Amino acid sequence: MKRPLALLLSALALAAPAAAQSPKAAKVAKTATQASPYSAYLFAYFTGNDKKEEAIRFALSPDGYHYTALNGDRPIISSAAISETGGVRDPHILRGADGKTFYMVATDMVSAKGWSSNRGMVLLKSTDLVNWTHSAINFQKRYAKQDDLKRVWAPQTIYDPVAKKDLVYFSLQYGSEPDKIYYAYANKDFTDLEGEPKQLFFSPTNGSCIDGDIVAKDGKYYLFFKTEGNGNGIKVAVSDKLTSGYVLGDKYVQQTTSPVEGAGTFKLNNSPDYILMYDMYTSGKYQFTRTRDLQNFTVVDQDVRMNFHPRHGTVMPITAAEAARLAQRWMAPSDVLLTAQNPAIRKLNTVVDSAAGKVAFLALPGTSLTAFDLKISNPALPVSPSGPQNFAKGPVTYTVGQGAAKRTYQVSVTETHNPALNGYYADPDILYSQKMGKFYLYPTSDGFNGWSGTYFKTFSSPDLVHWKDEGVILDLPKDVSWSKKNAWAPTIIEQKTATGYKYAYYFCAGAKIGVALADSPTGPFKDSGQPLLDKLPEGVKGGQQIDPAAFRDPKTGKLYLYWGNGYMAGAELNDDLTSLKSGTTQVMTPDNTFREGAYAFYRNGKYYFMWSEDDTRSPNYQVRYGTSDTPLGKITVPANNSVIVKDPAQGIYGTGHNSVIQIPGKDEWYLVYHRFTYPQGIKMGGDAGFHREVCIDKLEFNADGSIKPVKPTHAGIQPVKLK
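Because the structure is a prediction, the values reported are computed rather than measured.

Caption draft 1: View of the overall build of the protein. If you tally the helices and strands in the protein, you get six helices and 45 strands. A globule of 723 residues ought to have a C-alpha radius of gyration of about 27 Å, and the protein, at 28 Å, matches this closely. C-alpha atoms of the protein, sized along the principal axes, occupy 85 × 60 × 45 Å. In the protein, buried positions account for 59% of the 723 residues. Of the contacts made within the protein by residues no fewer than 6 positions apart, 53% connect residues no fewer than 24 positions apart.

Spelled out as structure tokens, the structure:
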């Protein structure tokens, strides 16, 4: 569902208490609703497995959906200062029973020392969310007979209304036993635990149980946790008592096939609904789901925005005053401008130059700039001017903050046509559909760690500028039996037959090439049931069977497929479109610059072949070309055969893996390619190789048929006319 585009610290008259509160705190909050309503959210998280990432970070949200990192996504407190190991993970934050004291607990651990290397946790306490006292507890030092303790993971806290104490629960593993969830009560000062840990949940499967998260609702306690060893995922156990009697439910509640951990729940302000979120730790992202009954969950990822990449954390509703205090302490003025919520802004492509006091927004095609409203408001850090401004004349001066912290910025908004698709996409193949009379783009769905995406989408356009998302057309886990992972680099053929049009969609899955058929360019596509290519061509010693490129020879009407990483091969397709013609496979590697991403097209009697050089993670990833007299013949490589390369002056890097489109009936051509996401890609290191975006620029030829080097642009192309 689409949420209203709330503003970061807008004072909303919201009254519902948080799921992370104790029952007593909820009662206090209810009676004080008019004076101090909860109107924002605080997200406590860490970011990764490197020691510098194993630290507590904070982010703010006005609505539980849009989050802005505080302190530039740097730690709000030093791990070395508060922990025994030098690192902390899995922070959980709680509003205390008095409604004004805050508690955090975290795993005391540096993962580089091993997943079974830690022996304790960190306890923190604050009255203002800014200043924290702390203590570290080492279980082997704190308790007797702990020699076989291997690890202490993911502590959380909840108020026990019966014992009238804060209960801390966590996972322990002893010897060869599975991880089990235990609990102990915190002392009054929240500096230590009282008594020996007791087992909280007894799994009927005796499987490993970690990352517990308890929600109190309607007189019952819902324990979300991750199970391992007997089916992996998030399950829920329910009890009417906090410390005993939990009954395990049958189903897994995560709404993804990707591995998950770190379940966290919080109640939405002014709503009966809850958010269940969890860390998709192999995919490099979080998933948010919404629920009213804690049993049925709907994915709301499409509405969630973050300018950081969290790992296992928790969210707590806070008041406007608390949000203001956090913003004044840790929010940079430029971060306030980045909370702009106008949907025409390209969220991934904003450029901030804090030193020069400049913020440059890129806007989607067709955006009017004469009265453009950034949609910013922040009571803690005031912004002026407000409302619509005329950006068509150039940058507008904005002032953020007050007093000595006041800062002035020159803010620009520019309408651009690159990237062509909004979001992370790569390896684009493009088709002009004779049947539909418009263009279709078929990219890799990008933004997944290690190129681990599992589905393909397509986009349609009447003019190569305005693109419509046509949705998922092939989902490996659902639609493909022979591989469920690594959905890469598709290509498509439209074939007119006596009974209508047929579409053959060639794709990579698990470093093999498959084919699926449909009667429409938007599917549904049905997989053939087996790989088309899963072996190296004869004589080739290494490389991968990836990056297919389909080609119709306009001279003969024959269909061809090209493919390869580390080598280039080509073969003629049979009329069934699902098999290669026996004896036609040729190894066609043009020269040692060939890496992958072969592509073929025909112009003025020449067969042109393009390919990508270098690694897609490299800023120097680029396109080269050669020509041939036949579709499977020897490729001649010109001395100057560069098609497109990086342009550091524009911040454009990693320009490669392309396709080409000719406007029907015209000698008008365009290059479709991907680049590192702009502007952040060049700062990502190797991760830029799976944070890519699709662009389109003009492709032109010299009089002798040689290709003019293409200049990559942010502006992109103007809408094309088909007639």
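What follows continues from the structure just given.
Caption draft 2: Expanded view of the packing of aromatic side chains. Scanning the entire structure with this criterion turns up 42 aromatic pairs. Look at F551 and Y562: their rings are 6.5 Å apart centre to centre, the planes differ by 45°, and that puts the pair in the tilted class. A residue pair is termed long-range when its members are at least 10 positions apart, and F551 in strand 35 (residues 549–552) and Y562 in strand 36 (residues 559–563) qualify at eleven residues. Judged by relative accessible area, which is 6%, F551 ranks as buried. Counting every residue linked through ring pairs, the aromatic cluster contains F43, Y45, Y67, Y286, F288 and F308.

Caption draft 3: Summary view of the nonpolar core. Grouped together as the largest cluster of nonpolar side chains are 48 residues, with contacts concentrated most on F58, W132, L326 and L374. Looking at which element gives the most residues to this core, the answer is helix 4 (residues 320–330), with four residues. If you look at the next biggest cluster of nonpolar residues, it comprises 30 residues, including Y599, W611, Y625 and C695.

Caption draft 4: Geometry of the pattern of salt bridges. Counted according to the given criterion, the structure contains 26 salt bridges. Of the charged contacts, one joins E84 and K141 as a salt bridge, the two residues approaching to 3.4 Å between their closest N and O atoms. Here E84, found in the loop between helix 2 (79–82) and strand 4 (88–95), pairs with K141, found in helix 3 (residues 139–142); they are 57 residues apart in sequence, far enough to count as distant. A relative accessible area of 45% places E84 in the partly exposed class. Of the charged contacts, one joins R692 and D446 as a salt bridge, the two residues approaching to 2.9 Å between their closest N and O atoms. Placement of R692 in strand 45 (residues 692–699) and of D446 in the loop between strand 28 (438–445) and strand 29 (455–461) is noted, with a sequence separation of 246 residues between them.

Caption draft 5: Here's a closer look at unusual backbone geometry. Omega for the peptide link from S384 to P385 comes to 0°, which places this bond in the cis form. Within the secondary structure, P385 sits in the loop between strand 24 (383–384) and strand 25 (396–400). Backbone torsion omega between Y678 and P679 reads 5°, so that peptide bond is classified as cis. Looking at the element boundaries, P679 is found in the loop between strand 44 (669–676) and strand 45. Even without a glycine there, the phi angle at N71 is positive, about 55°. On the secondary structure map, N71 appears in the loop between strand 3 (66–69) and helix 2. Accessibility expressed as a relative area gives 18% for N71, which makes it buried. One non-glycine residue with positive phi stands out, namely D218, at about 55°.

Caption draft 6: Region of interest: the sheet that holds strand 2 (residues 57–61). Read from one edge of the open sheet, five strands run 20-3-2-1-21, paired in mixed fashion. Every interior strand has two partners, whereas the edge strands, strand 20 (305–306) and strand 21 (311–319), have only one. Pairing of strand 1 (residues 38–46) with strand 2 involves five bridges; the strand directions are antiparallel. Pairing of A44 across the sheet is with F58, part of strand 2. Here helix 4 sits on the sheet and contacts strand 1, strand 2 and strand 21; the angle it forms with strand 21, its principal contact strand, is near 125°.

Parameters at a glance
Residues numbered from 1 in each chain as written. Predicted model: local features only at pLDDT ≥ 70, side-chain atom pairs only at ≥ 80, totals over all residues. Heavy atoms only, no water. Helix = DSSP H or I, 4+ residues; strand = E, 2+ residues; numbered from the N terminus. Rg over C-alpha atoms; globule rule 2.2 N^0.38 Å. Buried < 20%, exposed > 50% of the residue type's maximum accessible area, 1.4 Å probe, protein only. Contact = heavy atoms within 4.5 Å. Phe/Tyr/Trp six-rings, centres within 6.5 Å; stacked < 30°, edge-to-face > 60°. Core = buried A, V, L, I, M, F, W, Y, C linked by side-chain atoms within 4.5 Å. Salt bridge = Lys/Arg side-chain N within 4 Å of Asp/Glu carboxyl O. Pairing = 2+ DSSP bridges. Axes fitted to C-alpha atoms, helices over the stretch in contact; angles between N-to-C directions.

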